[in-house]
Amino acid sequence: MLQVSNLSLQFTEEPLFQDVHFSLPTGAKVGLVGPNGSGKSSLLRLLAGLSVPQTGSVQVPGDCRRLYLGPDLEGSVGEILDPTFFRAASRLARLEAELDESRLDEYAAALEAFEELGGWSRLARWRGPLRETGLEDLLDDPQRPGSTLSGGERSRLALARLLGAQADVLLLDEPSASMDRDGLAHLERFLESTPATVVLVSHDRRLLDRTTCRTLALDPIARTLTEYGGSYSFCRARRQEEERRAWREFEDQQRRVQRLEEAARGLRDHARSIEATSQNDFYRGVAKGVAAKARTRQGRIQRMLADENRKDKPRRTERMRLHLAPPRLSGVCLLKARALEVCREGRPVLRGVDLEIMAGRRIALVGANGAGKSTLLAALTGQLPAQGHLWRREDLKTGSLEQTARNLQDRKSALEALREVAPMEEGEARTFLHRFLLTGFQTLRPLSTLSDGQRMRVALALLMAAEPDLLVLDEPTAHLDLDTVEALEEALGAFPGAILAVSHDREFLERLAPDQTWVLEDGVLKGTRIEEEAAQPSWRRSRY
């Protein structure tokens, strides 16, 4: 179905990846993984035929229909769903509204073009996916800009695009971003059942494990791609074993070299000692023989290091080094709300919210898209005005990580932002940012020019530097690669302070191990539920 040969891509002087080879049969379900900046999105666009490589080729059958679905949905609803068809439908509707005798021929041509594209039956085909995703009303307004939809609505629109697509190859870049649990369950069922070939980029490890059976891993250091015959978890375990084996082989080689060097050095020293202390020709001859043995040993070392099977020192992919300082407060109430209400544009978003957060508690806040989760976090941290009673300890230090790092869109640099949060000398601040893989010019550029992933790393750096008593996390895994997500999970696991987290990442929530799960439904906090139930989406619970 899809054959990739000798593919290379270069944006600056250094290649992003080179000499990439792989083939995908019909119906293959493949995960594409790698650190941020390794070229996952660029490779997907190459596979979709939307960009051109420096070298190599992507071959597909002539009748193959490819669909690329990126993280940013641009254009109107109709352009996102089916641009050619909805442009024809919109033209027909416009002419119908302006119809008079002078435009009958133009209307007839537009009607013929519309019917050639499938006409009313094609329009009806889109009604099913939009109804399944709760967006059927959008079919009445296909000209509505996609930018006016909420994050959850855009995710469901992307899902409807998938459900209604009749593509042979699906190239999906973070399709689960901002999806709630029901949306994720729907997406999983679709990916498991579709006969199409799928290449999936996602930071949702559970989605990768449940829907893919092969993994393509991009290595930004070697600038190569390696294929593994299993899901993400299999790939991760295999790569860790390969790294351990490479280090063992390299260290064994180094020990052999060291032993030979020590033996050669000992022979040379012995030969010099004999020559220095004896004038006897016999012993001086012995010394020459010993020196010859030393040269033989040295030659063995040189041949070993020149051998094609010589083991080079393995190169480690850098991971962020995250650490949260222990909180100052323990055993006390940090925050309390009674009858809390929040309105936006005159519409109530939260109603009658009662809650309490104690020091050291871990709380997961879950609910469908649009239930008010982000609004509640913003109200609790003082970013939104609220009615009712909201009490926070005067000495409470709160660290907030916003869903899209939108508080980092200004012109200041990461270095300046960090030194505002924590008093540091410039050298100390640079060293601190290096722990978050932010180096050199990245620390000096305006935050608004950084990528989403880089801004999230800056946000994490500011969060760690603030030394908070309470962490408020809104989709903290968004825009982070999988290695960084796991580093964050390790840091949160060791943090004894309070955590209030919103996340659609099921693996993240499981590893967070919350003491409580708060459920928001239509702006009302329903209380808690046990974790086993919270882990199951509503569509699955209703089956039993």
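Because the structure is a prediction, the values reported are computed rather than measured.

Colleague: What am I meant to see in the overall build of the protein chain here?
Modeller: Within the protein chain, the secondary structure is distributed over 18 helices and 18 strands. A burial count over the protein chain gives 46% of its 544 residues as buried. Partitioning the contacts of the protein chain with sequence separation of at least 6, the portion at a separation of at least 24 is 69%.

Colleague: Looking at this structure, I do not really get the nonpolar core. What am I missing?
Modeller: For soluble globular proteins, nonpolar side chains are generally found buried alongside one another. Counting residues in hydrophobic clusters, the biggest one holds 46 residues, and the most contacted among them are Leu-81, Leu-157, Leu-162, Leu-170, Leu-172 and Leu-191. For Leu-162, the contacting residues outside a window of four places in its chain are Leu-67, Leu-69, Leu-170, Leu-172, Leu-187 and Phe-190. The next biggest cluster of nonpolar side chains, apart from the first, holds 43 residues, and it includes Leu-322, Leu-433, Leu-447 and Met-464.

Colleague: Would you take a moment to explain unusual backbone geometry for this structure?
Modeller: Even without glycine at this site, Ala-339 takes up a positive phi of about 50°. With respect to the helices and strands, the residue Ala-339 is situated in strand 10 (residues 333–344). One non-glycine residue, Leu-437, adopts positive backbone phi at about 60°. Its location among the elements puts Leu-437 in the loop between helix 13 (426–434) and helix 14 (452–465).

Colleague: Would you explain the pattern of salt bridges in this entry?
Modeller: When the charged atoms of two side chains with opposite charge come close together, those side chains can pair. Using the criterion set out here, one finds 24 salt bridges in the structure. Across the salt bridge formed by Arg-122 and Asp-82, the nearest N and O atoms sit 2.8 Å from each other. With Arg-122 in helix 5 (residues 119–132) and Asp-82 in the loop between helix 2 (77–81) and helix 3 (83–97), this residue pair connects regions lying 40 residues apart in the sequence. Classification of Asp-82 as buried rests on a relative accessible area of 9%. One salt bridge in this structure joins Glu-136 and Arg-127, with 3.3 Å as the shortest N-O distance. Owing to a relative accessible area of 29%, Arg-127 belongs among the partly exposed residues under this scheme. Each of Arg-205, Arg-206, Glu-489, Asp-505, Glu-507, Glu-510 and Arg-511 takes part in a single network of salt bridges with overlapping partners.

Colleague: Explain the packing of aromatic side chains here, please?
Modeller: Where two aromatic rings form a pair, the distance of their centres and the angle of their planes describe that pair. This structure, assessed with the given rule, holds five aromatic pairs. Their ring planes at 40° and their centres at 5.4 Å tell us that Phe-432 and Phe-436 sit as a pair that is tilted. Using a relative accessible area of 0% as the deciding quantity, one classes Phe-436 as buried. Three or more aromatic residues joined by ring pairs make a cluster, and in this case those are Phe-85, Phe-86, Phe-114 and Trp-120.

Colleague: Is there a simple way to think about the packing of helix 3 against helix 4 (residues 104–116) in this case?
Modeller: Geometry of a packed helix pair, given as the angle between the helix axes and the separation of the axes. Axis separation between helix 3 and helix 4 bottoms out at 9 Å; the angle between their running directions is 150°. With respect to each other, helix 3 and helix 4 are oriented roughly antiparallel. Relative to helix 4, the crossing made by helix 3 is left-handed. Facing Phe-85, Ala-88, Ala-89, Arg-91, Leu-92, Leu-95 and Glu-96 of helix 3, the residues of helix 4 in contact are Glu-106, Tyr-107, Ala-110, Leu-111 and Phe-114. Partitioning the contact of helix 3 with helix 4 into residue classes produces nine nonpolar, no polar and three charged.

Thresholds, definitions, all that
Residues numbered from 1 in each chain as written. Predicted model: local features only at pLDDT ≥ 70, side-chain atom pairs only at ≥ 80, totals over all residues. Heavy atoms only, no water. Helix = DSSP H or I, 4+ residues; strand = E, 2+ residues; numbered from the N terminus. Buried < 20%, exposed > 50% of the residue type's maximum accessible area, 1.4 Å probe, protein only. Contact = heavy atoms within 4.5 Å. Core = buried A, V, L, I, M, F, W, Y, C linked by side-chain atoms within 4.5 Å. Salt bridge = Lys/Arg side-chain N within 4 Å of Asp/Glu carboxyl O. Phe/Tyr/Trp six-rings, centres within 6.5 Å; stacked < 30°, edge-to-face > 60°. Axes fitted to C-alpha atoms, helices over the stretch in contact; angles between N-to-C directions. Parallel < 35°, antiparallel > 145°, perpendicular 65-115°, else oblique. Left-handed = near helix turned anticlockwise from the far one by under 90°. Nonpolar A, V, L, I, M, F, W, Y, C, P; charged D, E, K, R; others polar.

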